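Next come the chains, spelled out residue by residue.
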Amino acid sequence: MESFADLVVRRGRLLLGLSAIAVVAALLGLRGLRRESDILAFLPTGDPQVALFREVGDRFGGLDVALVGIETGDVLAPEALDGIRLASTRIRSVRDVEGVLSLTEMTSARSSDQQLDVGPLVPRRVPRDRAALGELRARILHDRNAVGTVVSADGRAALIIAFLAPAANSREVTRGIRAAARAALPGARLAFGGAPFVGDTVAAQTEADLRRLTPFAALAILLVLFGQFRDAFGIALALGTIFAGAIVALGAMGALGQPFTIVSGSLPVLLFSCGIGYALHVLSAFNSARERLDPPEAVREALREVGWPVLVSGLTTVAAFLSFLAMDVQPMRMFGLFAAIGSLSALGFALVALPAALAMGRRRGPRQSAAKTVRRLTRAIATLGARRRGTVIAVAAALSALSIAGLFRVQNDVAVSNFFRPGSEPYQAEAFLARRFGGSQFVQIDVRGDMTDPAVLAEVARIHRAAAKVEGVSDVRSIAEALETASEAMGQGRRLPATRGQSENLYFLLEGETALAQLVDARRSEALVQVRISGMDAARIARTLDHLEAIAAVAPAAAARVAVTGMPAVNRAFARSNVRNQMLSTGASLTLVILLAACLFRSPVVGILAALPSVVTLLLVLGGMGWLGIALDTGTSMIGSIGLGAGIDQAIHFLWHMRAAGPGSREATAARAGEVAGPAITAGALMVTAGFAILALGETLPMHYFGLLTAEAMLLGSLATLLVMPAVIGRMPAARPMKAVERGLVAAAEEPS
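These lines cover the structure that appears in this document, whether it is placed above or below. Every chain begins its residue count from 1, and numbering advances along the sequence as written. Predicted model: local features are reported for residues with pLDDT of at least 70 only, side-chain atom pairs are reported and counted for 80 or more only, and whole-chain, interface and lining totals are derived from all residues. Side-chain calculation: all heavy atoms of the structure are included, whereas hydrogens and water are not.

What to know about the packing of helix α19 (residues 538-553) against helix α20 (residues 567-601)
Comment: axis = line fitted to C-alpha atoms, over the contacting stretch for helices; angle = value between 0 and 180 degrees taken between N-to-C directions. Helix and strand labels come from DSSP, where a helix needs a run of H or I of at least four residues and a strand needs a run of E of at least two; each type is numbered from the N terminus. Viewed as axis vectors pointing N to C, α19 and α20 meet at an angle of 110 degrees, and their least axial separation amounts to 10 Å. Considering the angle they form, α19 stands roughly perpendicular to α20. Where α19 crosses over α20, the two elements pack in a sense that is left-handed. Touching I541, A542, L545, D546 and E549 of α19 are P568, A569 and R572, all from α20. Here the contact of α19 with α20 is composed, by residue class, of 5 nonpolar, no polar and 3 charged. If an angle is under 35 degrees, it is roughly parallel; if it is over 145, roughly antiparallel; if it lies from 65 to 115, roughly perpendicular; otherwise it is oblique. Handedness of a helix crossing follows the sense of rotation of the near helix relative to the far helix, less than a right angle counterclockwise being left-handed and clockwise being right-handed. Contacts are assigned to residue pairs with any non-hydrogen atoms lying within 4.5 Å of each other. Here the nonpolar group is Ala, Val, Leu, Ile, Met, Phe, Trp, Tyr, Cys and Pro; Asp, Glu, Lys and Arg are the charged ones; every other residue, Gly included, is treated as polar.

Overview of the sheet that holds strand β10 (residues 561-566)
At least two bridges found by DSSP between two strands are what make those strands a pair. In space, the 4 strands of this open sheet follow the order β8-β9-β7-β10, with antiparallel pairing throughout. If you trace the sheet from one side to the other, it starts and ends with β8 (473-477) and β10, each paired once. Strand-to-strand twist of the sheet, defined as the mean angle between neighbouring strand axes without regard to direction, takes the value 20 degrees. When β8 meets strand β9 (residues 526-533), the two strands line up antiparallel, connected through 4 bridges. Bridge pairing in β9 links V476 to V531. Here helix α16 (residues 454-468) sits on the sheet and contacts β7 (441-448), β8, β9 and β10; the angle it forms with β8, its principal contact strand, is near 165 degrees.

So, the nonpolar core
With 66 residues, the main nonpolar core has L225, I276, L280, F654 and L655 as its most contacted residues. Considering each element in turn, this core owes the most residues, 10 residues, to helix α9 (residues 267-290). Apart from residues lying up to four places away in sequence, I276 is in contact with A238, L239, I242, L271 and M687. In this text, buried Ala, Val, Leu, Ile, Met, Phe, Trp, Tyr and Cys residues form a nonpolar core when linked through side-chain atoms within 4.5 Å. A 1.4 Å probe rolled over the protein chains alone gives each residue an accessible area, and that area as a share of the maximum for its type sets the label: buried under 20%, exposed over 50%, partly exposed in between. Judged by nonpolar contacts, the second largest core, of 51 residues, contains M106, V150, A162 and I177.

A word on the environment of I70
Tracing the sequence through the fold places I70 in strand β1 (residues 65-71). Given the relative accessible area of 1%, I70 is considered buried. In this structure, the C-alpha to C-alpha distance between I70 and A158, residues 88 residues apart in sequence, is 5.0 Å. Beyond its immediate chain neighbours, meaning those up to four positions away, I70 contacts V75, I84, R156, A157, A158, I160, L185, A188, R189, L190 and F432.

Observations regarding unusual backbone geometry
Phi is positive for D96, which is not a glycine, with a value near 75 degrees. By secondary structure assignment, the location of D96 is in the loop between α4 (78-92) and β2 (97-101). Residue D96 is classed as partly exposed on the basis of its relative accessible area, which comes to 24%. Phi at R524 is positive, roughly 55 degrees, even though this residue is not glycine. Along the chain, the position of R524 falls in the loop between α18 (500-509) and β9. Owing to a relative accessible area of 19%, R524 belongs among the buried residues under this scheme.

Considering the sheet that holds β1
Each strand in a sheet pairs with its neighbour through backbone hydrogen bonds, running either in the same direction (parallel) or in the opposite one (antiparallel). Taken in spatial order, the 4 strands of this open sheet run β2-β5-β1-β6, and their pairing is antiparallel. Of all the strands in the sheet, just β2 and β6 (189-193) have a single pairing partner and so form its edges. For this sheet, the mean angle separating the axes of adjacent strands, direction not counted, is 20 degrees. By the bridge criterion, 5 bridges tie β1 to β6 in an arrangement that is antiparallel. Residue pairing for β6: L67 is matched across the bridge by G193. Strands in contact with α4 are β1, β2 and β5 (157-164); relative to β5, the strand with the most contacts, it is inclined by about 10 degrees.

Some details on the environment of L619
Among the secondary structure elements, L619 is positioned in helix α22 (residues 612-628). It is 6.6 Å that separates the C-alpha atoms of L619 and I404, two residues lying 215 residues apart in sequence. When near neighbours in sequence (up to four residues on either side) are disregarded, L619 contacts S400, S403, I404, L407 and G624.

With respect to the pattern of salt bridges
A pair is scored as a salt bridge if a Lys or Arg side-chain nitrogen falls within 4 Å of a carboxyl oxygen belonging to Asp or Glu. Counted according to the given criterion, the structure contains 29 salt bridges. Taking the shortest distance from any N to any O, the salt bridge between E71 and R189 comes out at 2.8 Å. Taken together, the positions of E71 in strand β1 and R189 in strand β6 put the pair 118 residues apart, joining distant regions of the chain. Since its relative accessible area comes to 18%, E71 is described here as buried. Looking at R189, the relative accessible area reads 40%, which means it is partly exposed. Where E297 meets R300, a salt bridge forms, and the shortest distance between an N and an O atom there is 2.8 Å. Of this pair, E297 and R300 are both found in helix α10 (residues 295-322), 3 residues apart, which corresponds to roughly one turn of the helix. What makes R300 buried here is its relative accessible area of 13%.

Quick notes on the packing of helix α7 (residues 195-229) against helix α24 (residues 666-695)
Where α7 meets α24, the axes come as close as 8 Å, and the angle between the chain directions of the two elements is 155 degrees. Taken together, α7 and α24 sit at an angle that is classed as roughly antiparallel. Here α7 and α24 pass one another in a crossing that is right-handed. Note on element contacts: α24 touches α7 through P679, A680, T682, A683, L686, M687, A690, G691, I694 and L695, opposite L210, L213, T214, F216, A217, A220, I221, V224, L225, Q228 and F229.

Set out below in structure tokens:
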């Protein structure tokens, strides 16, 4: 690092200019950023259930359903019916709405003189006189297709069902539906439910949480920084490396045309938590040297002391983010890629721009009273770990064993109850829809076959009847039921057609029925049995789905294929993906960081031991999730890779300074490492803990748990480093970086001169 440090001091202005050019170029790329709030973008690619959902959705004009619940004193009053009609019309005009089903959009079949009259359930001109209105009310409340589907049995609540196009922009379409419903029904209580509204609300509240809480998190971080370093100039430079790294990451995202998703919103905060340590270690070493040297020489000594561990620990964080490429969710892969780009950029700025600026900056050393206090504290903690090694190892082993037991209790679901706090507006909306209409989630049982063939129709009817008996199913609709109803209205009894000709006649009579497009395709070669699931409990929904899949598995040869799909089935695939992604990304991250640490110390054993504090921390965090009932979701599935990358950063610096302490007792080397590396480790942990603890105040539960668990992981990781490392590694042989890598870095540094 000698030549590299000399280059940074001698060519500081040039390096700062090049760094500024890189940031300006990245700023230009920000113009290409575009937002993407569609929660369906987070579905795992290549999953058979997701592929089936998209395939069936394309054929039937989309399976994504947005629900608008309406509650008044009487939804069958003329004014209420007029409002429902107006709302239905306006919702249908919203872009990406394929169709609308409501009280005023439904048709009703009635027989008259052996003729089947199909007309609107609610006439265009709603009657005002009492007798006609009473007759209309009776007809609606006795219509088995309407009650429980678009109107409650007591006539106090109604439902508008909007079917969205397969590639709908969920944010735009849900906002359009909200505006249309509120404008048409100003006096009614409205509840917006279904997957599109859930996804939009999660995205909007997450963005609002970040906007509202980030300033407070930044303030908490600045207070921690200034309280420890008492160095406004150095702190500003350290923060600048992170901001520059974030700008480079976001600029690259915009330049490459990648969307800015709800996960991308956490990128700046995440880069800060994982990347601030690079600058802090350089700044801490510089301030220590600055007490006796002038700025240029202090920079040289700081880079000689911490340059290698900063470089390798930074590369471990980059490797941890690159492990996201093993995931099967495209936005998460892109998040990992651009987080790696941002982390690598922050590392470069910390090793080049920061020391170059420090070498040209302040001529008087900062006040070090706070840092000295922290050094004494971290020295004492590290000494305790070495002195009480048996106790430390026993406690760590016991807590790890308890955490492993908790791993088997981790919930793996994406139920609505895992996104919103009880009592929140979205939670109440889902509860209203469950109470009044049996839920907001639909499962579709896809049946392929000739839907004019009596044998195939009989199979659809069998599935319909069996599904209706399953616990947790609140409503079932199918083409078989529609044909039976038409036959009954014709006076031929409630039965299925016996011949293809009879089927064709009934289909002809049902033409124009609004709901028919969601039951059978235009070619009559495929049908959907629409099953509504009640409740929000994930375990109950899973059991219901298992029963429906068992029903679909018993399919005779008459039907070419019977398969279960819909958002609950996709959610289960999503949950499986979370577990798979957690295992793949954590495994890849752990392997890469161990290899990098082993290369730095030229010892596989030391590489493994360097990951030990992170592994213990990860077990404690994930095991705690199991014991506390916190579900594994997209946000919490990132904790593994992030915790490993940031945790091994601290361990590498601690081990490096244990090696630099030279021969001596376990306590002496641990004390020296705690004194030198401790302040930067503690500062980074306290800053991240403070910042993410603020984010834990977010409205959405994913934001709350992500902030809480990240803060916990960083705090536990630093404590585990200071206690566990001295306990387990006291007599490891000294090591140094690989000579080939060192020669390459020196050659690169000397080349410009």
